[in-house]
Amino acid sequence: MTDQNLPAEHSSDANLPAHANEALPERFEDPGLPPHIPRRADVDEKAAKRAELQVVALFTLSVVGTLVFLVAYFLIDIDARAYVIGIGEISLYHVVLGLSMAASMGGIGFGAVHWAKTLMPDTEIVEERHPQASPQEDRDGAAAILRSGWQGSQLGRRPMILQSAGVAMGLFSIPLVVQVAGSLGPLPGEELYDTNWRRGLRLMIDPSGTPIKASDVTLGSVFHVMPEGFIGEPAHENLTAEEEMKAKAEDQVILVRLDPSDVKSQKQLDWGVDGIVAYSKVCTHVGCPVALYEQQTHHLLCPCHQSTFDMTEDCKVIFGPAKRALPQLPITIDDEGYLVADDSFREPVGPSFWERG
Amino acid sequence: MSTNSGIPQGADSLRTSSSAGATATTEKADTSPKLAAPIVWSDERVGTAKGMRFLLKKVFPDHWSFLLGEVAMYSMVICLITGTFLTFWFVPSMGHVEYNGSFVPLKGVGMSEAYASTLDISFDIKGGLLIRQLHHWAALLFIVGIALHMARVFFTGAFRKPREINWVIGAVLSLLAIIEGFAGYSLPDDLLSGTGIRAMAGFMQSAPVIGSYMTFFVFGGAFPGESIIPRLFIAHVLIVPALLVGLFTAHIVLVAVHKHTQFPGPGRTDNNVVGFPLMPVYMAKAGGFFFIVFGITALISALVQINPVWVYGPYDPTQVTAGSQPDFYMWFSDGALRLLPGWLEFTVFGTTWSFNIFLGSLVLLPLVWAIIIAYPFLENWVTGDKREHHILDRPRNAPVRTAIGASAISIYLVLALACVNDIIAIKFGLSINDLTILFRAMFFIAPIITFPVVKRLCISLQRADRDLVLHGTETGRIVRTPEGEFFEVHEPLDEYTRYTLVQHDRQEPLSALEGVPTDEHGVRKPMSLGYKTRRALSDFYFKDQIQPVTPAELAAAHSHGEHDALESGHNHEALPSGQEQVGIDQGSSAK
Ligand code: HEM
Ligand code: FES
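As the structure is a computational prediction, the values presented were derived from the model and not from experiment.

About the thresholds
- Residues numbered from 1 in each chain as written.
- Chains lettered and ligands numbered in written order.
- Predicted model: local features only at pLDDT ≥ 70, side-chain atom pairs only at ≥ 80, totals over all residues.
- Heavy atoms only, no water.
- Core = buried A, V, L, I, M, F, W, Y, C linked by side-chain atoms within 4.5 Å.
- Buried < 20%, exposed > 50% of the residue type's maximum accessible area, 1.4 Å probe, protein only.
- Helix = DSSP H or I, 4+ residues; strand = E, 2+ residues; numbered from the N terminus.
- Lys, Arg positive; Asp, Glu negative; His and termini not counted.
- Salt bridge = Lys/Arg side-chain N within 4 Å of Asp/Glu carboxyl O.
- Contact = heavy atoms within 4.5 Å.
- pLDDT = per-residue confidence, 0-100.
- Disulfide = S-S within 2.5 Å.

Side note on the nonpolar core
- Ranked by size, the top nonpolar core spans 104 residues in total, and within it M101 of chain A together with F142, F219 and I228 of chain B carry the most contacts.
- Top contributing element to this core by residue count: helix α6 (residues 128–155) of chain B, with 13 residues.
- Grouped together as the second largest cluster of nonpolar side chains are 20 residues, L258, V277, L300 and C302 of chain A included.

So, in structure tokens, the structure goes:
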């Protein structure tokens, strides 16, 4: 036992009568393993036979499962469907394959465990443990090898080898790291500061790609908008799929018509057209589309972490983990009465980054 | 039953007739067994017999909680098998295609090859959906298994010397499992997983100084680019699995080197291991258990749909579904993001510091795992215990550790629940703002409540153990003393049951053990800051410790009619001398 390792102070307890302490051991003695109690199958041949049959039945279940799987794999139509009470409509093919595989695996598993529990020996065996630490002899031997190795290397006498080898070992991985880190991607440059919006680009409905007449935007209506040339047919024709995705990720805008008397910010009205205002739809938290607009409250809600922006207050954050207001896109109308951008965004859209300021 | 034990029948008869005891397999056990030819062949080349002798007789203790690690191990194997199958059909590319498979609602829709191939696996490859579901369910089971296994190791103190290294390996494995799961979840490029990647880009971008560079390097340019899925794919099928398998191997080798821990009980000491031999019992049980885990995973995969990516549609950066949650193991991190208030972001000298984002993402995981990894070393520093421990603690016997673990779990649950705050709000018609504020408060309150409650609970359980040892179990028999007093006869515990309740070490705080340090003149010595901290922590751990009953205490309880000197003194429970022997019937209660 480990008693001898215990600090001696542990033993006395002021609460106890001194005489009781003297006569009795400090701790209870280990009574050793309790007597083995035989199981039914150990003493009753009938019970053992029953257990044997149960094990065989489970293994047979596995065989049946395997066969059902094979038959189903080749014979059932992959599109076959079935109705199960309580679950609803299901893919018959998938369910039969899954259940038969479950039987095929589970039969073996439960069979083996049942076999071990009922028929294999259940007397516990004791194995000795030895301390993890090596015997002193091994430690001394190892120390001697290390010492003679160190001496044989002559590093103690020729420190310059040690130093130069250290420097070389310290540096050799740098080319590898530089290669991979340096070539993984381009530097961000100005990309995070800019979108595809430019002065004069029409606001197009996402996904149809049709322009929007200011007069068609009724009070309270909402449009999801992309810049002209970056949505619909022209985009499919002129942009790669990658460019199209990037445009969607950065340029998406939500357009709403508010009653100007509800709006609290003059700048917001100035950047809009008769209460029609456009805001970046990329959440300033970590970039989900801020897609849920509540008409009555004029709140924009981001479904990812529930940041809430108030449309009547220049899309300021009124709740949730985002800090910054959604950037506003200045808009105006062109000669034909369509909404167009009056400028690009005047600050970076989307999640914060360190150097954005 | 033990009456006919003299005439062995059934399985016992085989065993006792064999001199080899546990290894009896045939009835002709008396002829000495020979190795089969293939084993002899390999023995002559690599010494197989030596290894078999060492391995096959290794003893494994039995306890249901030891299966949790096995659940993790087996579900990892299932992930490896099914994942390899998936690579045969999955196309890790963000190249654009028009879907033309057999799922009618998406016919003609533009999408990435990754998403299209996931649809093919689900609808056009025979049994492909089953493999996908097996893969995803096994992944979830893997992470649940690891988490419960870790909890078992923590609450039983199995991380103590000499197993600290394995605790560290296990902790790293659990982190890798989460990373592996996240990477896999991102591969199909459906709307939900794409939203997860979008958030990941946002996290990385929030890192001070290097954020935008890191994002551009990882994504090969601006979000989303066309590199992230191929890169996550290589991480998911090569880099992380290689690390997982390598570390897992080290983990298992160390388990064999240390031999398994065991729960306390009669005959179990720090110098032995009591249980069943690998051959044949443990082989059948553990091997069978693999098939059980696989079978149950198949059953769930057959009946419960997971990640039906065709419902969500292909990823489109302008779309999002309300109520989008990641897989459960990421909930705590996503929950933390929901709770961190926006004012944690500020600008200084033209630079933006988004503590609201990177605290909950980039910092949270490494921080949590650093604490997990440090814990055994911290506890060891406090206890100063240099001994090897192979007997597990019953969680109640380490009340402060158990309370620390429970508080950590309470924080975890608050964060995880915060991740579903929108769903809770809708289900129960609550305001999401109120809920968020409630969860923010709970983050601090939950551990403050949990700690003392759990600690008290452990201490009461320890007291109950003491009571049981000192006064035995109630028999329901009422006896009248000659003085006319009535009391209930209590039956003393048999020595085996008792030993389990009294075997643990006394533990006392440093302040009680070492007193006030003085020099040789009896003058108080100044304590170093480190030592003071250690003493304070030791007090924190052990000052309310309930010590195990000693033989002297038990004797006192039996001999004194009144024993109010004893700690948990109830009045009528001491047995008058002479009644002590009533009804001791060892072993009969075990059946
Ligand atoms: C060991 C732990 C592993 C975990 C926790 C894990 C987790 C996941 C998860 C959650 C998914 C999403 C599945 C879905 O579509 O619903 C996934 C997909 C995938 N995994 Fe794994 N995986 C593991 C190992 C592997 C390995 C070893 C491979 C290949 C060698 C692999 C190959 C794949 C492939 C190709 C996919 C995409 C196919 C699809 O989503 O249908 N996985 N993984
Ligand atoms: S991404 Fe909008 S709240 Fe997090």
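Having put the structure on the table, let's press on.
Examining the side chain of D189 of chain B
- Looking at where D189 of chain B falls in the secondary structure, it is placed in the loop between α7 (164–186) and α8 (191–205).
- Buried and unpaired, D189 of chain B has K248 of chain A as its nearest opposite-charge partner, separated by 12 Å.
- If we ignore the near neighbours within four places in the chain, the residues touching D189 of chain B are S112, A114, Y115, I229, P314 and Y315 of chain B.

Some remarks on the confidence of the model for chain B
Residues and elements named next belong to chain B.
- For chain B, mean pLDDT is 88; residues scoring 70 or higher make up 89% of the total.
- When the elements of chain B are averaged for pLDDT, helix α1 (residues 10–17) gives the smallest value, 51, and helix α4 (residues 67–87) the largest, 98.
- With pLDDT under 50 throughout, residues 1–8 is counted as low confidence; its partners more than four residues away or in other chains account for 5 contacts.
- Contacts for the low-pLDDT stretch residues 15–28, under 50 throughout, to residues beyond four places or in other chains number 18 contacts.
- Scored by ipTM, the complex comes to 0.90, with pTM at 0.89.

Focus on the side chain of R268 of chain B
- As for its placement among the helices and strands, R268 of chain B is situated in the loop between α10 (228–258) and β4 (272–277).
- You can call R268 of chain B buried: its relative accessible area is 18%.
- Setting aside residues no more than four positions away along its own chain, R268 of chain B makes contact with D30, L33 and E124 of chain A together with Q262, F263, V274 and I391 of chain B.

Comments concerning the state of the cysteines
Residues and elements named next belong to chain A.
- One pass over the structure, following the stated rule, counts 1 disulfide over all chains.
- Paired through a disulfide, C288 and C304 show a sulfur-sulfur distance of 2.0 Å. Negative torsions about the S-S bond denote left-handed disulfides, and the value of about -80° found for C288 with C304 makes this one left-handed. You can see C288 sitting in the loop between β7 (276–280) and β8 (292–294) and its partner C304 sitting in the loop between β9 (299–301) and β10 (308–310), a full 16 residues away along the chain. Each of the two residues, C288 as well as C304, counts as buried.
- Not engaged in a disulfide, the cysteine C315 finds its nearest cysteine sulfur in C283; these two sulfurs lie 11 Å apart.
- Given a relative accessible area of 0%, C315 falls into the buried group.

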